[in-house]
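# Structural overview for review
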Amino acid sequence: MTMSNSNIIDLCSDDEMGRSNIKKCRMEIEPGFDSASAPSVCPTPISRQFWKAGYYEIEQGQRCKAANQYGKNHMRIHPMFLHSNATSHKWAFGAMAELLDNAVDEVQNGATFVSIDKISTPRYGTPALLIRDDGGGMDPDAIRRCMSFGFSDKKSKFTIGQYGNGFKTSSMRLGADVIVFSRHLKSRSLTQSVGLLSYTFLRWMGYNNVVVPMVDYEFNSSARTFGPLIRHDEDHFSSNLTMLLQWSPYSTEDELLKQFDDIGDHGTKVVIYNLWLNDDGEMELDFDSDPEDICINGDKTGRMKPIQYVANLYQHSLRAYASILYRQLPHYFRIILRGQDIEYHNIAEDLKYVQFIKYMPQVDENLEVGIITAIGFLKEAPHANTHGFNIYHRNRLILPFWRAVRCTNSTGRGVVGVLEPDFIQPTHNKQDFEKTSLFQKLEDRLKQMTVEYWNKHCKLIGYQQVKITPSTTTTVPSSATQNCVDQDQPLLLNHGSQYESSNSRAGLIKKRKDLLDPPLKLQHAKRHMGSSCGTDVQCISEQPENSVEGMMQVSQKMLLMQENKRLRSQLLTLEKMVQELDLKVQQLMDEQENVEQHAGELENELTQVTQTLFESREWNIYEQHVC
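Residues numbered from 1 in each chain as written. Predicted model: local features only at pLDDT ≥ 70, side-chain atom pairs only at ≥ 80, totals over all residues. Heavy atoms only, no water.

## With respect to the pairing of strand β18 (residues 388-393)
- Of all the six residues making up β18, six are buried; the element is thus mostly covered by neighbouring parts of the structure.
- Where β18 lies against strand β20 (residues 415-419), four bridges are found, and the strand directions are parallel. Across the sheet, the residue bridging to Asn-390 is Val-418, located in β20.
- Linking two consecutive strands that pair antiparallel, namely β18 and strand β19 (residues 396-402), is a turn of two residues; a positive phi of about 50° is found at Arg-394 within it. (Buried < 20%, exposed > 50% of the residue type's maximum accessible area, 1.4 Å probe, protein only. Helix = DSSP H or I, 4+ residues; strand = E, 2+ residues; numbered from the N terminus. Pairing = 2+ DSSP bridges.)

## Things to note about helix α7 (residues 234-247)
- Between its first and last C-alpha atoms α7 spans 20 Å; for 14 residues at 1.5 Å apiece the expected length is 20 Å, and the two agree.
- Most of α7 is tucked away: 10 of the 14 residues are buried.
- When α7 is considered as a whole, its buried residues turn out to be His-236, Phe-237, Ser-239, Asn-240, Leu-241, Met-243, Leu-244, Leu-245, Gln-246 and Trp-247.
- Of the residues that open α7, the one with a side-chain oxygen 3.2 Å from the backbone nitrogen of Asp-235 is Asp-233. (Expected span 1.5 Å × (residues − 1). Polar contact = N/O pair within 3.5 Å; in protein donor to acceptor, adjacent residues only side chain to side chain.)

## Looking at the sheet that holds strand β6 (residues 189-198)
- The strand order across the open sheet built from nine strands is β8-β7-β6-β5-β9-β4-β3-β12-β13, with neighbouring strands paired in mixed fashion. Lying at the two open borders of the sheet, with one neighbouring strand each, are β8 (225-228) and β13 (340-341).
- Both strand β5 (residues 175-186) and strand β9 (residues 267-275) contribute to a ladder of eight bridges, which runs antiparallel. The partner of Ser-182 across the bridge, within β9, is Thr-268.
- Packing against the sheet, helix α5 (residues 166-174) makes contact with β4 (127-133), β5, β6 and β9, and its axis sits at approximately 135° to β5. (Contact = heavy atoms within 4.5 Å. Axes fitted to C-alpha atoms, helices over the stretch in contact; angles between N-to-C directions.)

## Section: the pattern of salt bridges
- Evaluated as defined, the whole model comprises 14 salt bridges.
- Residues Glu-98 and Lys-430 are paired through a salt bridge, measuring 3.3 Å at the closest nitrogen-oxygen approach. Of this pair, Glu-98 sits in helix α3 (residues 92-105) while Lys-430 sits in the loop between β20 and α11 (437-457), placing them 332 residues apart in sequence. Comparing Glu-98 with Lys-430 shows no difference in burial state: the two are buried.
- With a shortest N-O distance of 3.8 Å, Glu-443 and Lys-447 are connected by a salt bridge. Of this pair, Glu-443 and Lys-447 both sit in helix α11, four residues apart, which is roughly one turn of the helix.
- On the accessibility criterion, Glu-443 (17% relative accessible area) is buried.
- Note on Lys-447: relative accessible area 30%, which makes it partly exposed. (Salt bridge = Lys/Arg side-chain N within 4 Å of Asp/Glu carboxyl O.)

## Concerning the packing of aromatic side chains
- Tallied over the full model, the rule gives 18 aromatic pairs.
- Through a chain of ring-to-ring contacts, the aromatic side chains of Trp-91, Phe-93, Tyr-309, Tyr-314, Tyr-321 and Phe-401 assemble into a single cluster. (Phe/Tyr/Trp six-rings, centres within 6.5 Å; stacked < 30°, edge-to-face > 60°.)

## Thoughts on the nonpolar core
- Residues Leu-129, Ile-179, Phe-181, Ile-272, Leu-285 and Phe-401 are the most contacted members of the largest nonpolar core, which totals 99 residues.
- Per element, the largest residue contribution to this core is nine residues, and it comes from α3.
- When residues of this core are assigned to domains, at least three fall in each of domain 1 (79-325) and domain 2 (346-461).
- Setting aside chain neighbours within four positions, we find Phe-401 in contact with Tyr-309, Val-310, Ala-311, Tyr-314, Ile-324, Ile-347, Thr-386, His-387, Gly-388, Phe-389, Asn-390 and Val-416.
- Counting residues in hydrophobic clusters, the runner-up holds 30 residues, among them Ile-391, Val-415, Phe-439 and Trp-454. (Core = buried A, V, L, I, M, F, W, Y, C linked by side-chain atoms within 4.5 Å. Domains from an automatic or database assignment.)

## Re unusual backbone geometry
- Cis rather than trans, the peptide bond between Ala-381 and Pro-382 has omega equal to 5°.
- With respect to the helices and strands, Pro-382 occurs in the loop between β17 (371-378) and β18.
- With phi around 50°, Ser-187 is a residue other than glycine that occupies positive phi space.
- In this model, Arg-224 sits at a positive phi of 60°, which is unusual for a non-glycine residue.

## Some details on the sheet that holds β20
- A sheet is described by the order of its strands in space; here five strands give the open sequence β14-β17-β20-β18-β19, paired in mixed fashion. The open sheet has two edge strands with one neighbour each: β14 (351-359) and β19. Strand-to-strand, the axes of this sheet are offset by a mean angle of 15°, without reference to chain direction.
- One ladder, built from four bridges, connects β18 with β19; its direction is antiparallel. What sits directly across from Tyr-392, in β19, is Leu-397.

## Considerations on the pairing of strand β3 (residues 113-120)
- As paired elements, β3 and strand β12 (residues 334-337) share four bridges and run parallel to each other. Considered in β12, the bridge of Val-114 is made with Ile-335.
- Two strands pair when backbone bridges link them, and β3 and β4 are joined in this way by seven bridges, in the antiparallel orientation. Within the sheet, the bridge partner assigned to Val-114 lies in β4 and is Asp-133.

## A closer look at α5
- For α5, a buried count of nine out of nine residues is recorded, marking the element as mostly surrounded by other parts of the structure.
- Gly-166, Phe-167, Lys-168, Thr-169, Ser-170, Ser-171, Met-172, Arg-173 and Leu-174 are the residues of α5 that are buried.

## A closer look at the confidence of the model for the chain
- Within the chain, residue pLDDT values average 76, and 69% of them lie at 70 or more.
- Taken element by element, the predicted model of the chain shows its lowest mean pLDDT in helix α12 (residues 478-482) (35) and its highest in β12 (98).
- Note on residues 1-44: pLDDT under 50 across the span, and 106 contacts to partners over four residues away in sequence or across chains.
- Taken as a whole, residues 59-73 scores under 50 in pLDDT and shows 17 contacts with residues more than four places along the chain or in a different chain. (pLDDT = per-residue confidence, 0-100.)

## Structural notes on the packing of α3 against α5
- At their nearest, the axes of α3 and α5 sit 8 Å apart, and the two run at 135° to each other. With respect to α5, the axis of α3 lies oblique. When you trace α3 past α5, the crossing you get is left-handed. Residues Ala-92, Ala-95, Met-96, Glu-98, Leu-99 and Asn-102 of α3 form the contact with α5, whose participating residues are Gly-166, Phe-167, Ser-170, Arg-173 and Leu-174.
- For the contact of α3 with α5, a count of residues per class yields six nonpolar, three polar and two charged. (Parallel < 35°, antiparallel > 145°, perpendicular 65-115°, else oblique. Left-handed = near helix turned anticlockwise from the far one by under 90°. Nonpolar A, V, L, I, M, F, W, Y, C, P; charged D, E, K, R; others polar.)

Here you go:
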């Protein structure tokens, strides 16, 4: 079926394959299938190993040609692109996060949970991945945009998804085939749709264009059942349904429609099957090591760590990764993994001697933004060999425990930070940031921040500060040297957002002067926090700088202030949602009242007509009797 502006990709196009090729769809991929029995039109059998499945041999007569429908040329997408597009996810959990993002974005449409589980396909009994949510679902047009490339309905600045490519890359990275079930309720019209994106189907049929079989159903209120929604003609619907039943895990239409039973009035269910194998020929996802988790098969390093901290677990444990994937979520929204809720993990709460440092970069000529970084030592330090910054974007973790500094001579070891710079754009796979000048400036500032924090606090956890050798220092006049404190003295983190020039005499004298100044009072520090002078600001206690108790108290205060700000923002969002829901309820009630009023008028009119007909009939009978 072709969308209104689908000059990018044809969906469910029977014309692309021809009626004769539908019969060839019966070649299912089963364990032990003999590739010699495949028809000559089929390419080389698909490899079950993801990194080897991109080889797509095409016969000379099947080379991709420009499509010309109704006299208009348009771009075509070869099935090979499905695999090459999915290689943007080097890590399977990165693909899993994309599917979670789609569910979290549905919070604005009323979603309260997303569930991830392992199921067995009814046709083959092989493992499959199930992702289900109770969001708004997709109508027939929306599911076609979802299956296409570059189309996205997410225009809000609060949504995570924005490129219209995440579903295709993530699903094809986890398995060769995916089937989507979605039910949508809008204006008292209830529809449900099924779509199949199958790399196996396209490979075995030898297509040089992406064909996506889809069928739609609409609820009949009088019959209280779902019936086919014919968008073109019955033959078109029948051929799409035939392909779905031949290449999906469900062999009958009743079995296919039964998958909507646990969706309710609205929601989406994604089933990814023919899951990829790793290079050793084993299932890439491990469902057996932990019945309440999904792990990366063959990655045992994290489980052997003496300290089971989230930084050692997230790379191989989906439960650990999902617990830190979002900086905050509504309290009512649940992420359920294999039947058990995932407990939210706030990395900032794992830190001790916390400081909050404000960085204000110049985004453009007229815009200066401010971000606050929470930085501190892990509670397990110095025993935990973990360090790095957790960088979020629009509430989503992009870089977990990213190491801005190489820990040479132990410098920076155990230092962890959390920040959310929304002014930097992430890459399409949401596993890194675009390497722009803004990101480079942020990287330089985080390196400086790490070293400064380490120099100031390393002694508090038992590390010895490395003294700077004379060869690495800058020569300064004797007057400045006399005012310089010992290199072992912790540095204050009140430098500007940019590095001060090492050969700037005024800058060096200012630094030495700052070191000799007594600690600021808390109220004075708060006034600096409210300023917009463009400098970094730290939380400073009324007690001396070397007072651990004072630092902990101030850090706790700042942590509570940040949490209070987040909760207030969350409360405002919820209040807005409640107002919108109340408005919708009122609109529905008004509509119901209008409908009931109209029904009453029709009933009165019917009564009058009936009475008139009755009186007319009685009068005719009387006249006949008299005559």
